[in-house]
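# Coordinates in review
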Amino acid sequence: MNTQNLDALDWIILVAYFVVLIAIGMWASSKAKKNGNMFLASRSLRWHHIGFSMWGTNVGPSMLIASASAGFSCGVVSGNYAWYAFVFIALLAFVFAPRYLGTGISTLPEFMGLRFGDSTRNILAWYTIVTILISWLALTLFAGGIIIRQVFGMPMWLSALLLLAISAFFTMLGGLKAVAYTNVYQMVLLILVSATLTVVGIWKLGGESFSQGVSILANPDIVPSNYWNLFQPNSDPGYPWLPIILGYPVMGVWFWCTDQSMVQPVLAARSLNEGQKGANFTGWLKILDVAIYILPGVVCFAMVKTGFFGNVQVNADDAYLKLVYELFPAGMVGLVLAVLTAALISTIGSALNALSTVFTMDIYVKNIRPKATQNEIRKTGRIVTVLGALVSIVITVAVDGIKGMDLFNVFQSVLSFIAPPMAAVFLMGVFFKRCNTLAANLTLTFGTVFSIGTGILYLWVIPGFAEAVHFMLLSFYIFVALIVMMFFVSIYDKKANEKHVIVAVNEKPGKGVIIAWAALAVVMIALYVFFNATDKIVAQKIIG
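Residues numbered from 1 in each chain as written. Predicted model: local features only at pLDDT ≥ 70, side-chain atom pairs only at ≥ 80, totals over all residues. Heavy atoms only, no water.

What follows is about the overall build of the protein chain. Secondary structure assignment for the protein chain yields 24 helices and zero strands. Taking all 544 residues of the protein chain together, the buried fraction comes to 55%. Total accessible area computed for the protein chain in this model is approximately 23,000 Å², and 66% of it derives from carbon and sulfur atoms. (Helix = DSSP H or I, 4+ residues; strand = E, 2+ residues; numbered from the N terminus. Buried < 20%, exposed > 50% of the residue type's maximum accessible area, 1.4 Å probe, protein only. Areas by Shrake-Rupley, 256 points an atom, 1.4 Å probe, with all protein chains shown as cover.)

Here you go:
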């Protein structure tokens, strides 16, 4: 794709959208100066706010493009990463949330500080920097780079640099505040766009007949019947069932229970009951992921197989934007690109800001220069932002070099090597009272080096490593090794210190909470049974 795919009306809407964002951002900046505490509504979120916030953070534009890519390549099997998540969202609701709210903490490093001491809290600051650089910054730049590369034909490094430049420009003009003001509406717009794209795609696939389009999707000669199965055989290179069953829990605990961005809405809950209901609402919302994010990829695949695009071959990573270009009228394409880009810029800007804040406040001021002036802090923050941006470009280009995986699995493979240390420390910290500071610190330092180092060898260095063992299974092995190491270090360390006690909220789950979670469990089990029946039966059920 190149710039000639955009009509004049698309360019007008694209430019106008960002002009409006800049104007709103400048207004937001001036208002923020007059009302400095307007955003500090602490611990007041209701269940619906929590649910939408957690889901919106999870299903941003990066995941949208990656999910459509997976749908194009393999069908609904990547829905495991959406539907299996309800188990670990429940773990957050019933195990971690009572302890987080009981201690009154605001950040998860603070929680670890209470459990293991200041040394662990300090190490977590460095771990957080690594996580921000890889999971929130580099992977977002990678997804955004794919969009820029499709529209302008730029190489990945230049696409990433352009996105960083736009983010910096918006930061200076207050545009990121505008995105913060409009994030909810942008997420709603993205959801509506994806739902519309799916419906229109099926309608067009069937020759302007929705029922005929569904029949084509259910035709195994066009869409392989295994595209509708959540469990694939262990011989499947991309989504074998055993590695997903064993490996996803490691990522699930890390992402849903210990990642600050995901847990923050629960920390701000009005009460434990509201937090548990909000987490449950997130689980219900995750059901939509397959229909509005993955299914467009399957529809695009069917269109390619039926010759809808002529003789043009479509790359899996281009599936979502291909549908946008082909099915939406002029003007709508520009709006979709504007919303996608603005949401990406929001994530990039927030990640850079978080990177700067964590380093300057948790490392520089706390450990290096406690008496630093505001000018020194600001200067250090700018330097860290620039260095972080440069490092993230290098990581982005490296991620772009991963071969043999669709975009979705590229994301998951990178994250699978970040997750084990954090998941191990939080689980042992909560469930194993004898777990001590030495065990936690060894896991967060040497364990992180070991886990990420293994990932580097797996993804880039050792030929054939990826074919020998699935990354999810390898993540599980690393996690088990870290758990065993923590157990023996805690048992044999004579200096074990058990004075750090975590207090949980002494409140039993309400009847409404139990009913809501029981209903969600029943629905999820039913979905798994439905999508793992005999291939032909599933294909027939899909058409109603």
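A few words on a nonpolar patch on the surface. Together, Ile456, Leu457, Trp460, Val461 and Ile462 make up a nonpolar patch on the protein surface, roughly 420 Å² of accessible area in all. Note on Ile462: relative accessible area 40%, which makes it partly exposed. (Patch = residues over 30% accessible without salt bridge, like charges linked within 9 Å, V, L, I, M, F, W, Y side chains within 5 Å. Salt bridge = Lys/Arg side-chain N within 4 Å of Asp/Glu carboxyl O.)

For the structure on display, the rule yields five salt bridges. For Lys204, the salt bridge is made with Glu208, and the minimal N-O distance between the two is 3.9 Å. Lys204 gets classed as partly exposed once you look at its relative accessible area, which sits at 28%. Its salt-bridge partner being Lys322, residue Glu326 comes within 3.1 Å of it at the nearest N-O pair.

Along the chain, the position of Pro265 falls in helix α12 (residues 260-267). Classification of Pro265 as buried rests on a relative accessible area of 5%. Residues Pro265 and Arg46 lie 219 residues apart in sequence; the distance between their C-alpha atoms is 9.4 Å. Contact partners of Pro265, with chain neighbours within four places excluded, come to Leu45, Ile50, Ser53 and Met54. (Contact = heavy atoms within 4.5 Å.)

Our focus in this paragraph is the side chain of Thr131. Along the chain, the position of Thr131 falls in helix α7 (residues 118-152). Residue Thr131 is classed as buried on the basis of its relative accessible area, which comes to 7%. Not counting residues up to four positions away in its chain, the partners in contact with Thr131 are Trp136, Trp254, Asp259 and Ile418.

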